[in-house]
Number of protein chains: 2
Amino acid sequence: MADWQEISGGVTAARGYRAAGIAAGLKPSGAKDLAAIVSDVDAIAAGVFTTSQVRAACVDYCRQRLQAKPSARAILCNAGQANAATGTQGWTDARESADLMAQALGIEADAVLLASTGVIGRRIEMDALRSGIPQLVAALSEDGGDSASQAIITTDLVTKTIALETTFGDRPVRMGGMSKGSGMIHPNMATMLAFVTCDAAVSPHLWQEMVSRAAAKTFNQITVDGDTSTNDCLIALANGQSRTTAITESGPEAEKLEAMLTAVCQHLAKAIARDGEGATCLIEVNVSGAPDDAAARQVALTIAGSSLVKSAIFGRDPNWGRIAAAAGRAGVSFDAEHLRVQLGDFLLMDKGQPLPFDRAAASEYLKQKAAGAYLKEDTVAIAVNLGSGSGTGQAWGCDLSYDYVKINAEYTT
Amino acid sequence: MADWQEISGGVTAARGYRAAGIAAGLKPSGAKDLAAIVSDVDAIAAGVFTTSQVRAACVDYCRQRLQAKPSARAILCNAGQANAATGTQGWTDARESADLMAQALGIEADAVLLASTGVIGRRIEMDALRSGIPQLVAALSEDGGDSASQAIITTDLVTKTIALETTFGDRPVRMGGMSKGSGMIHPNMATMLAFVTCDAAVSPHLWQEMVSRAAAKTFNQITVDGDTSTNDCLIALANGQSRTTAITESGPEAEKLEAMLTAVCQHLAKAIARDGEGATCLIEVNVSGAPDDAAARQVALTIAGSSLVKSAIFGRDPNWGRIAAAAGRAGVSFDAEHLRVQLGDFLLMDKGQPLPFDRAAASEYLKQKAAGAYLKEDTVAIAVNLGSGSGTGQAWGCDLSYDYVKINAEYTT
């Protein structure tokens, strides 16, 4: 169906990008904690950021930068300290970080975008950053995508990357991406951190529109714990190095690029939900029959985020009444007498009436999904039809386990 | 400050009420599962119900009944089966329950209100109910409040009752209440189940207004797991048996009655949050400096409901950045540079700037709150000032522990 193929390389799969990830001493553990993506030429840059009133300095910095000029050469990302709720000092630190990176690369300071992740309320370890940046720039390479993806994670168990290739006319166009996130996941405009690189040529306004729409269907539709982060950001670069004709208006080529972008974002978003703190499986919720698509997405996200649905699935308990209850409280008007609920292949409720089903077999279905987490096949599928329109939507989450509590009870102490 | 005193008796403390709770065989455990409150004379009845689109049959039944006539003689409540998501059969069962209760009491069927709690998607065990109702009516007594409160609980560890007495002129006025709820607690109009009895004389319209306002400040401000229930209901009766002058318009007497009602509701609401599934402590969030009271309540509820705040408190970790993050994502506009965050007596952030604090002492403060759950003193106090207005609000929740996951992973299987 999709007219593209998966390739390797992550954010350096697209032409004209270099990346690196190093251990600069910002994380107490000594793990990699400083990453950069650099485009050889000015890239069109689009961003989607957290809607929180308490935002990291880097988020405000990027929003201001992109409002002034929708292009960039480099993204600098640190892990370990979120630089959120750090007051005026956080802003000073952010500006110094961008200046240092620009000097090391020999570019203008306003061509650098920033992202941070880690403990909220902690400043960036600036001494470590100052000595780390020259090493980071020295390590930049055309196959540095994997290394960079390792340096942006915190409580994540796995790195999250993807790259796709297609053709426009007879020329290849490539798009790569990486993301991080495992807890504080309930994005409201974008997720913890995600970066997409593309070598297509596209106009800034169209690219931003595509990025916003893709985020609405993907990153904004995942939830781990219902907590929107202070540092959410999705930054997508398009540097034109594919040497294809510039896409400047809607039409088949724009649609194809947006579909590819949505596929990249969906892959990265699902990877975050699958790696949710303490998760043993991915939950995919498909809602149909809603008044419109936005309403369908809202119901899907409410079900995926329900603590009761999540803990029932952790217990491999086909307690479908909780799915119906979550749909009912989602703030979308529908007629409960048309409600249809399905778990995998098990039809549990139709036309608002509960149906008899094989409880042991449904529990076994859930148990099989536990077998090997982090595999794409291990997805618990919930389908709900509201019978009240033609709107459809998806959302992704994970189950709620003892380990979620353990991880979050012991994070800073 | 309060011009009333606490008395014993729960819902039978007020004059002219009888109650009972029996084991009728609806719960597989054999515990008490059928309760009734009966007023000697017609009582003014006000109700507040779940806003879920998937509602229990009893909720729709009560709403229709109270719209037709704002008075009632009896409330029948069963535990074990929620009778929600049970289709047309659920409605038939509800009507038969009311008819049977009316026959046993020798009153009109439209004088009976209904409530159910238990597993969603399960019909009431009607055979057990049919044989139980005559026994229940035979057991009604003027000191049956405690017994009734035992018959409405499910995963609750403790019963929740209160009674207050004051004087209007030289005559005593009493108000009693009971509630249940421990999981699926994030009420949106009222909570799982709460019943208030009062012997004041008050006009129906004024009583409904008082009940709605009290619910907005109390039951609607508690959260255990963010899941609004299908069966939420608060029913409040006022039967005039205090023989005091009828309160028919706003003024000092109406204000006093409403303050007393709010105190009863707040006690019952806090008791639910304190008994939240798996909880080891009560969390009270006070928000000030908001644009208005509703905005303050919204921020308070968001903080109290944050999985990350809740698990940090379970871990006795003063990770205050999560409190700031939750305030930021609450959907209320404020200037982060005025944010002030306090945990107990520890001032952690002021004017948007993080402050140094004694982390070990703050952790010790949280550890002390774990000592004896279910005691009023064991409240973790969070205070947030948004510095953006004069609105204030409160919310209550509990910590998120391993036992929450355990209880909900194993509920129906």
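Note that the coordinates shown come from a computational prediction; the quantities given were computed from them, not determined experimentally. (Residues numbered from 1 in each chain as written. Chains lettered and ligands numbered in written order. Predicted model: local features only at pLDDT ≥ 70, side-chain atom pairs only at ≥ 80, totals over all residues.)

1. Some details on the overall build of chain A
Next up, step 1: The number of helices and strands found in chain A is 11 helices and 15 strands.
Next up, step 2: What you see for chain A is a C-alpha radius of gyration of 21 Å, in line with the 22 Å of a compact globule of 413 residues.
Next up, step 3: Across its three principal axes, chain A shows a C-alpha extent of roughly 70 × 55 × 35 Å.
Next up, step 4: Counting all 413 residues of chain A, 62% fall into the buried class.
Next up, step 5: Long-range contacts, defined here as pairs at least 24 residues apart, represent 80% of the contacts in chain A between residues at least 6 apart. (Helix = DSSP H or I, 4+ residues; strand = E, 2+ residues; numbered from the N terminus. Rg over C-alpha atoms; globule rule 2.2 N^0.38 Å. Buried ≥ 20, exposed ≤ 12 C-beta atoms within 10 Å, placed from the backbone. Contact = placed C-beta atoms within 7 Å.)

2. With respect to the packing of helix 7 (residues 293–305) of chain A against helix 9 (residues 321–328) of chain A
A packed helix pair is summarised by two numbers, namely the angle formed by the two axes and the spacing between the axes.
All names here are of chain A.
Next up, step 1: Where helix 7 meets helix 9, the closest approach of the two axes is 8 Å, and the angle between their N-to-C directions is 135°. Between helix 7 and helix 9, the angle falls in the class oblique. Helix-helix and strand crossings are classified by hand; for helix 7 and helix 9 the assignment is right-handed. In contact with Val299, Thr302 and Ile303 of helix 7, helix 9 contributes Ile323, Ala326 and Ala327.
Next up, step 2: Residues that form the contact of helix 7 with helix 9 fall into these classes: 5 nonpolar, 1 polar and no charged. (Axes fitted to C-alpha atoms, helices over the stretch in contact; angles between N-to-C directions. Parallel < 35°, antiparallel > 145°, perpendicular 65-115°, else oblique. Left-handed = near helix turned anticlockwise from the far one by under 90°. Nonpolar A, V, L, I, M, F, W, Y, C, P; charged D, E, K, R; others polar.)

3. Observations regarding the sheet that holds strand 10 (residues 282–290) of chain B
Residues and elements named next belong to chain B.
Next up, step 1: The 6 strands lie next to each other as 13-12-11-14-10-15, forming an open sheet whose pairing is mixed. Among the strands making up the open sheet, the edge pair consists of strand 13 (353–354) and strand 15 (391–398).
Next up, step 2: Both strand 10 and strand 14 (residues 379–385) contribute to a ladder of 7 bridges, which runs parallel. Pairing of leucine 282 across the sheet is with threonine 379, part of strand 14. (Pairing = 2+ DSSP bridges.)

4. Points about the packing of helix 1 (residues 57–68) of chain A against helix 2 (residues 87–105) of chain A
All names here are of chain A.
Next up, step 1: Close contact between helix 1 and helix 2 brings their axes to 9 Å; oriented N to C, the two are set at 60°. Taken as axis vectors, helix 1 and helix 2 run oblique relative to one another. Handedness of the crossing formed by helix 1 with helix 2: right-handed. Along its contact with helix 1, which presents Ala57, Cys58 and Tyr61, the element helix 2 presents Gly90, Trp91, Asp93, Ala94 and Ala98.
Next up, step 2: In terms of residue class, the contact of helix 1 with helix 2 is built from 6 nonpolar, 1 polar and 1 charged.

5. Description of the sheet that holds strand 13 (residues 353–354) of chain A
Residues and elements named next belong to chain A.
Next up, step 1: Strand order in the open sheet made by the 6 strands is 13-12-11-14-10-15, with mixed pairing throughout. The sheet terminates laterally at strand 13 and strand 15 (391–398), the two strands that pair on one side only.
Next up, step 2: Bridging between strand 11 (residues 340–343) and strand 12 (residues 346–350) involves 3 bridges; their strand directions are antiparallel. Bridge pairing in strand 12 places valine 341 opposite methionine 349.
Next up, step 3: Each of strand 10 (282–290) and strand 15 is contacted by helix 6 (residues 252–274), which is oriented at about 40° to strand 15, the strand it contacts most.
Next up, step 4: Relative to the sheet, helix 9 contacts strand 11, strand 12 and strand 14 (379–385), its axis offset from that of strand 14 by approximately 55°.

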